[in-house]
Amino acid sequence: MLSLFKSNRQFRILLAYQIFSGLGGGVFGMFMLLSIHLLYQNPMYTGIAGFLMAAPAVFSFAVGPLVDRKNKVTIMRLTTLLEFFVLALVTFTPLMEQIGVIFMFGVIVVYCTAALFENPASNALLPQIVKEDEILPANSLIQIAALTGGIGIAVILFTALGEDMNLRYIYGLSTVLLAMAFASALFLRDPSAKKEKDSVITVRFKQDLLEGISFLRGNVLRFIALAFIARMFVAEMGAVNMPRFAETHVGAQGYIVFTMVALVSGIFASFFAGLVGKKLNVGWILFALTVLGGVSRIIFVLVLPNVYIAGLLALATYALLLNIGGITFRSMMQKLPPKDKVGRVDTLFTTFAAIFVALGALAGGFIGRAVEVVDHVFILQGTGYAIIGILLFLVPVVRKLPKLDELKRDEDAE
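The rules we used
Residues numbered from 1 in each chain as written. Predicted model: local features only at pLDDT ≥ 70, side-chain atom pairs only at ≥ 80, totals over all residues. Heavy atoms only, no water. Helix = DSSP H or I, 4+ residues; strand = E, 2+ residues; numbered from the N terminus. Buried < 20%, exposed > 50% of the residue type's maximum accessible area, 1.4 Å probe, protein only. Contact = heavy atoms within 4.5 Å. Areas by Shrake-Rupley, 256 points an atom, 1.4 Å probe, with all protein chains shown as cover. Patch = residues over 30% accessible without salt bridge, like charges linked within 9 Å, V, L, I, M, F, W, Y side chains within 5 Å. Salt bridge = Lys/Arg side-chain N within 4 Å of Asp/Glu carboxyl O. Phe/Tyr/Trp six-rings, centres within 6.5 Å; stacked < 30°, edge-to-face > 60°. Lys NZ or Arg CZ within 6 Å of the ring centre and 35° of its normal. Axes fitted to C-alpha atoms, helices over the stretch in contact; angles between N-to-C directions. Parallel < 35°, antiparallel > 145°, perpendicular 65-115°, else oblique. Left-handed = near helix turned anticlockwise from the far one by under 90°. Nonpolar A, V, L, I, M, F, W, Y, C, P; charged D, E, K, R; others polar. Polar contact = N/O pair within 3.5 Å; in protein donor to acceptor, adjacent residues only side chain to side chain. Expected span 1.5 Å × (residues − 1). pLDDT = per-residue confidence, 0-100.

Asks: Would you mind showing me how to read the overall build of the chain here?
Replies: The number of helices and strands found in the chain is 18 helices and 0 strands. By the burial criterion, 55% of the 414 residues in the chain qualify as buried. In the chain, the share of contacts with a sequence separation of at least 24, taken over all contacts with a separation of at least 6, comes to 88%. Of the accessible surface of the chain, which amounts to about 17100 Å², a share of 69% is contributed by carbon and sulfur atoms.

Listed below in structure tokens is the structure:
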């Protein structure tokens, strides 16, 4: 991994961009749910906020052809700039206090709409600037760097929650990080940028979209994508209830502690995936990671109220397993489709995932309001993971998948 960092200047710049953009967005995403919960103490509000974070991504399918045919770096610059201005509005105006939760909901929609373009553009750029056998190590290195920085951000948030909470200070931090991401993007170049006219893109838009759908329908990736979509649904049910769970058992600061544990585990997961991930049979590893992730989630909920350290260890195991699976899946999304279809495949997956994440957020809001003991939501989540892993393993073509470095790009789909 370090050799890739030393030898590839464009990757180093993309790495810096991903770090600053990921940290800025991470502060926004993590703290927005927590702040809405602390300010309004209404599970339905956090459920709606989670829904709004996912809802714009339902239209990701319309973004894919544009990402594949336009300059990806230009898209990254423009959307990062929009994200910066939105958070600057939160930081430097009194609208948050004057309008209240409606303003917060509006900020979520605008920010997540911008991210709708930024994320697939950066994902599609990576295969253009690194070699085929460097995709997994590149993703692992990006993850390690982002999570390491995330720990520092979590420490700051932990400190802020220990005193009188200053929302503007925290959102201001996110604004600064996004400004640094934009500055990094100014030095990026897209080697695959095509100089096609806008009229050509409009004429081929439907065809490009159908080509992406055709690829997913005929590739084993569709089964794994369906499993991850289902996993994201049950994960979101838990996510919108996590602020309440943390406050119930360990206080608001516990929410940040949970995040820090997950970040540290993510670093270990990224090292493991980058060093040996290519040598593991994909089908077996995705099955094992999903099932064991569900088991560790249930153990976390049952143990944490009684033995805090043991609960954190269970959480660390959960985050470790799920992060390895996530890196493996993301690398497959970049490795299997033809290079000029990566954006389309990415956004098609994001569209369907967003639908079920949004539904999961609403379901989590309703369930969180209906059940008296919030722990039951997470037991349901862990059980869902285990069922998804077993169903995935029952698909023969998935079970027989080889090692990641033996997977070949589908040239027949070119």
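Asks: What exactly am I supposed to notice about the environment of Ser 184 here?
Replies: In this structure, Ser 184 sits in helix α9 (residues 167-185). Placed 168 residues apart in sequence, Ser 184 and Ala 16 show a C-alpha to C-alpha distance of 6.5 Å. Contacts of Ser 184, omitting those with residues within four sequence positions, involve Ile 13, Ala 16, Tyr 17 and Phe 20.

Asks: What am I meant to see in a nonpolar patch on the surface here?
Replies: Together, Ile 387, Ile 390, Leu 391 and Leu 394 make up a nonpolar patch on the protein surface, roughly 400 Å² of accessible area in all. Within the secondary structure, Ile 390 sits in helix α17 (residues 375-393).

Asks: Looking at this model, I keep getting lost on the packing of aromatic side chains. Mind explaining?
Replies: Each aromatic ring pair is described using two quantities: the centre-to-centre distance and the angle formed by the ring planes. According to the stated counting rule, one finds 11 aromatic pairs in the structure shown. Ring centres 5.1 Å apart and planes at 55° place the aromatic pair Phe 245 and Phe 378 in the tilted group. Separated by 133 residues along the polypeptide, Phe 245 in helix α12 (residues 242-249) and Phe 378 in helix α17 bring together distant segments of the chain. For Phe 245, a relative accessible area of 0% puts it in the buried group. Connected via pairs of aromatic rings, a cluster forms that spans Phe 245, Phe 258, Phe 300 and Phe 378. The ring of Tyr 318 has Arg 297 lying over it, and the distance from NZ or CZ to the ring centre is 4.2 Å. Positioned above the aromatic ring of Phe 393, the side-chain terminus of Arg 399 is 5.5 Å from the ring centre.

Asks: Just to check I follow, could you spell out the packing of helix α3 (residues 43-54) against helix α7 (residues 101-129) for this structure?
Replies: Relative placement of two packed helices is described by the angle separating their axes and the distance separating the axes. Running from N to C, α3 and α7 cross one another at 20°; their axes reach a closest spacing of 8 Å. Of the possible angle classes, the one that applies to α3 and α7 is roughly parallel. For the crossing formed where α3 meets α7, the hand is right-handed. Contacts between α3 and α7 involve Tyr 45, Ile 48, Ala 49, Leu 52 and Met 53 from the first element and Val 101, Phe 105, Ile 108, Val 109 and Cys 112 from the second. In terms of residue class, the contact of α3 with α7 is built from 10 nonpolar, no polar and no charged.

Asks: It is not clear to me how the side chain of Glu 118 should be interpreted in this structure. Could you clarify?
Replies: With respect to the secondary-structure elements, Glu 118 resides in helix α7. Among the polar contacts made by the side chain of Glu 118, one reaches the side chain of Ser 21 at a distance of 2.3 Å.

Asks: Sorry, what's going on with the pattern of salt bridges here?
Replies: Pairing is possible between side chains that carry opposite charge, provided their charged atoms lie close to one another. Evaluation of the coordinates by the stated rule reveals 1 salt bridge. A salt bridge links Lys 72 to Asp 190, with the nearest nitrogen and oxygen atoms 3.7 Å apart. On the criterion of sequence distance, the pair formed by Lys 72 in helix α5 (residues 72-92) and Asp 190 in the loop between α9 and α10 (198-218) is long-range, its members being 118 residues apart. Pair check on accessibility: Lys 72 and Asp 190 agree, each one buried.

Asks: Help me understand α17 in this model?
Replies: Because an α-helix completes one turn every 3.6 residues, residues spaced three or four positions apart along the sequence face the same direction. Between the first and last C-alpha of α17 there are 28 Å, a value that for 19 residues agrees with the 27 Å anticipated at 1.5 Å per step. Contact partners of the buried residues in α17: α11 (221-239), α12, α14 (282-303), α15 (308-335), α16 (342-370) and α18 (396-399).

Asks: Even after reading the chapter, I still don't get the confidence of the model for the chain, so can you show me in this structure?
Replies: Regions with low pLDDT carry predicted coordinates that are not meant to be interpreted in detail. In the predicted model, the chain carries a mean pLDDT of 79, and the fraction of residues at 70 or more is 85%. Put simply, helix α6 (residues 95-99) is where the chain has its lowest mean pLDDT, 62, and α17 is where it has its highest, 91. Note that pLDDT drops below 50 for residues 196-203; the model gives that stretch 4 contacts with residues more than four away or on any other chain.

Asks: Help me understand the environment of Ile 19, please; the structure alone is not making it clear to me.
Replies: Its location among the elements puts Ile 19 in helix α2 (residues 9-40). Between the C-alpha atom of Ile 19 and that of Ala 181, which follows or precedes it by 162 residues, the distance is 7.7 Å.

Asks: What exactly am I supposed to notice about the side chain of Ser 21 here?
Replies: Locating Ser 21 in the fold gives a position in helix α2. Look at Ser 21 and you get buried, because its relative accessible area is 7%. If near-sequence neighbours (up to four positions away) are discounted, Ser 21 is found in contact with Glu 118, Leu 178 and Ala 181.

Asks: So what exactly am I meant to see when it comes to α3 here?
Replies: Helix length check: α3 (12 residues) gives 17 Å between terminal C-alpha atoms against 16 Å at 1.5 Å per residue, within 8%. Listed in full, the buried residues belonging to α3 are Met 44, Thr 46, Gly 47, Ala 49, Gly 50, Leu 52, Met 53 and Ala 54.

Asks: When you look at the environment of Ala 354 in this model, what are you seeing that I'm missing?
Replies: In this structure, Ala 354 sits in helix α16. Between the C-alpha atom of Ala 354 and that of Ala 57, which follows or precedes it by 297 residues, the distance is 5.2 Å. If near-sequence neighbours (up to four positions away) are discounted, Ala 354 is found in contact with Ala 54, Ala 57 and Val 58.

Asks: Is there a simple way to explain the packing of α11 against α16 in this structure?
Replies: Between α11 and α16, the shortest axis-to-axis distance is 7 Å and the interhelical angle comes to 25°. The angle between the axes of α11 and α16 places the two elements in the roughly parallel class. Our pair here, α11 against α16, has a crossing hand that is right-handed. Every residue of α16 that contacts α11 at Leu 221, Ala 225, Phe 228, Ile 229, Met 232, Phe 233, Glu 236 and Met 237 is listed here: Val 345, Phe 349, Phe 352, Ala 353, Phe 356, Val 357, Leu 359, Gly 360, Ala 361, Ala 363, Gly 364 and Ile 367. Considering only residue class, the contact of α11 with α16 consists of 17 nonpolar, 2 polar and 1 charged.

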